[in-house]
Amino acid sequence: MSIQPPLMAPARHGFMTSYLEALALVERLHRLLLDVIKDEFERVGVLELNAVQALLLFNVGDHEVTAGELKSRGYYQGSNVSYNLKKLVEKGYMHHQRCESDRRSVRVRLTPKGREVRDVVTELFQRHAEGMEQKGVLGLDRLDEITATLRRMERYWSDQIRYIY
């Protein structure tokens, strides 16, 4: 599906078209990433987790964090992260403990079972990185350039949220 920009000057129309294309691609890539993770977990026989939960375990890694910290890092929406953390604790993938200084806040960390899932995702990403490099899909310079561009977009959008409203 191609999103058409509203009528505007030809030069602006070209930029808007490319911008909307980039936005659609970022969305599709995120959904595709979740599908790739889901397929990997089906392949290895882990069916009780969804892809978002597996990615959450990967992102927590060896850290001890709060739901607020995960949300502030930009990984998840508030209700989404709380729901998934609760499910991961119930299923034995995470430990949770109330913070002593703020009893409303809960810190979580991976259990050995959670670290196994994190390792599966790490190995999947490692295979993909090696495959992309070996097949010439991306080189380090190009990947660094893409990452820098996405960081600039992230900064611009963050500034819009902070300073416009």
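Preceding block: the structure.
Residues numbered from 1 in each chain as written. Predicted model: local features only at pLDDT ≥ 70, side-chain atom pairs only at ≥ 80, totals over all residues. Heavy atoms only, no water.

Novice: Lay out the overall build of the protein in plain terms, naming residues and giving numbers.
Specialist: Scanning the protein for helices and strands turns up 6 helices and 3 strands. Tracing the protein from N to C terminus, the helices and strands come up as α-α-β-α-α-β-β-α-α. The 165 residues of the protein split such that 23% are buried. Considering only residue pairs separated by 6 or more positions, the protein has 51% of its internal contacts joining residues 24 or more positions apart. Accessible area for the protein stands at about 11900 Å²; split by element, carbon and sulfur atoms hold 55% of it. (Helix = DSSP H or I, 4+ residues; strand = E, 2+ residues; numbered from the N terminus. Buried < 20%, exposed > 50% of the residue type's maximum accessible area, 1.4 Å probe, protein only. Contact = heavy atoms within 4.5 Å. Areas by Shrake-Rupley, 256 points an atom, 1.4 Å probe, with all protein chains shown as cover.)

Novice: An account of the nonpolar core is requested, with residue identities and associated values reported.
Specialist: In a soluble, globular protein the nonpolar side chains are often hidden away together inside. With 23 residues, the main nonpolar core has L56, L57 and M94 as its most contacted residues. At 6 residues, helix 2 (residues 51-60) tops the list of elements feeding residues into this core. (Core = buried A, V, L, I, M, F, W, Y, C linked by side-chain atoms within 4.5 Å.)

Novice: Could you give an account of a nonpolar patch on the surface, with specific residues and numbers?
Specialist: On the surface, L25, L29 and L32 cluster together into a nonpolar patch covering about 280 Å² of accessible area. In this structure, L29 sits in helix 1 (residues 10-43). (Patch = residues over 30% accessible without salt bridge, like charges linked within 9 Å, V, L, I, M, F, W, Y side chains within 5 Å. Salt bridge = Lys/Arg side-chain N within 4 Å of Asp/Glu carboxyl O.)

Novice: Describe the packing of aromatic side chains, listing the residues and the values that go with them.
Specialist: Per the counting criterion, the structure on display carries 2 aromatic pairs. Relative to Y19, the ring of F15 lies with its centre 6.5 Å away and its plane at 10°, an arrangement referred to as stacked. Of the two residues, F15 and Y19 are both situated in helix 1; the distance of 4 residues between them amounts to about one turn of the helix. Taking the relative accessible area as the measure of exposure, F15 reaches 52% and is therefore exposed. Using a relative accessible area of 28% as the deciding quantity, one classes Y19 as partly exposed. Aromatic side chains F58 and F125 sit 5.0 Å apart centroid to centroid with 85° between the ring planes, which places their arrangement in the edge-to-face category. Taken together, the residues F58 in helix 2 and F125 in helix 5 (residues 112-134) connect sequence positions 67 residues apart. (Phe/Tyr/Trp six-rings, centres within 6.5 Å; stacked < 30°, edge-to-face > 60°.)

Novice: An account of the sheet that holds strand 1 (residues 65-66) is needed here, citing residue identities and associated values.
Specialist: To summarise the sheet geometry, strands pair through backbone hydrogen bonds and adopt either a parallel or an antiparallel arrangement. Read from one edge to the other, the open sheet built from 3 strands follows the order 1-3-2, with strand pairing classed as antiparallel. Among the strands making up the open sheet, the edge pair consists of strand 1 and strand 2 (94-98). As defined by bridge partners, strand 2 adjoins strand 3 (residues 106-110) across 5 bridges and the pair is classed as antiparallel. Residue pairing for strand 3: H95 is matched across the bridge by R109. (Pairing = 2+ DSSP bridges.)

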